[in-house]
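Breakdown of the fold
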Amino acid sequence: MNTSATSIWASIAAFFTSKGYWAALAVLGIFMEAVALYYQYVIGDPPCQVCIHTRIWVAAFTLLAIVMCVLPARKWLNVNGHVLAIVCMAGLWERCKFLWDVENRRGDGTCEIFLNFPDWFALDAWFPAMFEVKTLCGFTPMMPLGITMAEMLVAASSVLVVISVLALGLVIRKPA
């Protein structure tokens, strides 16, 4: 690999181990949650059970990113943070794909009006404005560029999974 390419990869690896990466991920998560709330409260598209699951995964990676911004920059913390980010992104992708399947009448398409979480994790009771299910699954709203929210979420979560895996690989390869 030539020096220029090596320098680029070194810069990318440095970014994935920096607080800037985690801050960018936190900002992205906050933006995604804001868009969901905009569609719910301004546009008037109520969230279904799977939409709320999606919000929970986004909240999870956002909180993880905020915690990683606060923790000291240590390789083992970065590796563990990236592993948890992959878990969050994979969970997000699975829920987005399920939502896309429901929207396109694929799979079983089951959806309930309740989250059915245990009392010790009753997000819908604690934060109903954010996590209360309002409708059954079906269609997601149209987004800019003429694609549905489910399609946008599948694409975004796919990119986030790839970035998270790449980030973990680069963090592991980077010397301590």
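Data block above holds the structure.
In this report, the structure presented in the accompanying data block is examined. Here the structure is a predicted model, which is why all the values come from computation and not from measurement.

A few words on the environment of leucine 160. Take leucine 160: it is sitting in helix H7 (residues 149–173). Sequence-wise, leucine 160 and tyrosine 39 are 121 residues apart; in three dimensions their C-alpha atoms are separated by 22 Å. Apart from residues lying up to four places away in sequence, leucine 160 is in contact with Leu25, Leu28, Phe61, Met89 and Leu92.

The biggest cluster of nonpolar side chains holds 36 residues, and the ones touching the most others in it are Trp22, Leu25, Cys48, Val50, Phe61, Leu92 and Leu99. Elements supplying a minimum of two residues to this core: helix H1 (3–16), helix H2 (19–43), helix H3 (49–70), helix H4 (75–103) and H7. Sorting elements by how many residues they give to this core places H4 first, with nine residues. In this structure, leucine 92 is in contact with Met32, Thr54, Trp57, Val58, Phe61, Ser157 and Leu160, ignoring residues within four places of it in sequence.

Looking now at empty space enclosed by the protein. Under the definition given, this model contains one cavity of 30 Å³ or more. Considering only enclosed or pocket space, the largest cavity measures out at about 50 Å³ in volume. The wall of the largest cavity is formed by Thr17, Ser18, Lys19, Trp22, Met68, Leu71, Pro72, Ala73, Arg74, Leu77 and Asn78. Elements with a contribution of two residues or more to the lining of the largest cavity: H2 and H4. Considering only residue class, the lining of the largest cavity consists of six nonpolar, three polar and two charged.

Time to look at the packing of aromatic side chains. Aromatic rings considered in pairs are described by the distance between their centres and by the relative angle of their planes. Following the criterion strictly, the structure yields eight aromatic pairs and no others. Look at tryptophan 120 and phenylalanine 121: their rings are 6.0 Å apart centre to centre, the planes differ by 45°, and that puts the pair in the tilted class. Exposure remark for tryptophan 120: the relative accessible area of 67% places this residue in the exposed category. Residue classification places phenylalanine 121 among the partly exposed residues on the basis of a relative accessible area of 30%. Taken together, the ring pairs connect Phe15, Phe16, Tyr21 and Trp22 into an aromatic cluster.

The backbone phi angle of leucine 145 is positive, close to 75°, even though this residue is not glycine. Here leucine 145 lies in the loop between helix H6 (128–131) and H7. A relative accessible area of 82% means that leucine 145 is categorised as exposed.

Scanning the entire structure with this criterion turns up three salt bridges. The partner of glutamate 94 in a salt bridge is arginine 95, and the shortest N-O contact between them spans 2.7 Å. Relative accessible area serves as the criterion here: at 36%, glutamate 94 is assigned to the partly exposed category. Between lysine 97 and aspartate 101 there is a salt bridge, and its shortest N-O distance comes to 2.8 Å. With lysine 97 and aspartate 101 both in helix H4 and four residues apart, this pair spans about one turn of that helix. Assessed through its relative accessible area of 28%, lysine 97 is described here as partly exposed. The exposure class of aspartate 101 is buried, given its relative accessible area of 16%.

This brings us to the layout of surface pockets. In this structure, the largest pocket spans a volume of roughly 580 Å³. Val35, Ala36, Met143, Met149 and Leu153 are, among the 30 residues lining the largest pocket, the residues nearest its centre. For the lining of the largest pocket, the element with the most residues is H2, which contributes seven residues. In terms of residue class, the lining of the largest pocket is made up of 23 nonpolar, four polar and three charged.

What counts and how
- Throughout this description, residue numbers start from 1 for each chain and increase along the sequence as written.
- Confidence filtering applies because this is a predicted model: local features only for residues at pLDDT of at least 70, side-chain atom pairs given and counted only at 80 or more, and all residues used for totals across whole chains, interfaces and linings.
- As a rule here, side-chain values cover all heavy atoms of the structure and leave hydrogens and water aside.
- Comment: elements are numbered from the N terminus, with helices defined as DSSP H or I runs of at least four residues and strands as E runs of at least two.
- When checking whether two residues touch, look at their non-hydrogen atoms; a contact exists if any pair is within 4.5 Å.
- To define a nonpolar core, start from buried Ala, Val, Leu, Ile, Met, Phe, Trp, Tyr and Cys residues and group those joined through side-chain atoms within 4.5 Å.
- Under the scheme applied here, a residue whose accessible area is under 20% of the maximum for its type counts as buried, over 50% as exposed, and between as partly exposed, the area being computed with a 1.4 Å probe on protein chains only.
- A pocket, in this scheme, is an open set of points on a 1 Å grid over the protein atoms alone with protein on both sides within 12 Å along at least 5 of 7 lines, while a cavity is a set where a 1.4 Å probe fits but cannot get out; residues line either one if an atom lies within 4 Å of a point.
- Grid points are joined across faces, edges and corners, and a volume is the space filled by probe spheres set on the points.
- Three residue categories are used. Nonpolar comprises Ala, Val, Leu, Ile, Met, Phe, Trp, Tyr, Cys and Pro, charged comprises Asp, Glu, Lys and Arg, and polar comprises the others, including Gly.
- The criterion for an aromatic pair is that two Phe, Tyr or Trp rings (for Trp, the six-membered ring) have centres within 6.5 Å, with stacked assigned to planes under 30 degrees apart, edge-to-face to planes over 60 apart and tilted to the rest.
- One side-chain nitrogen of Lys or Arg within 4 Å of one carboxyl oxygen of Asp or Glu is enough to make a salt bridge.

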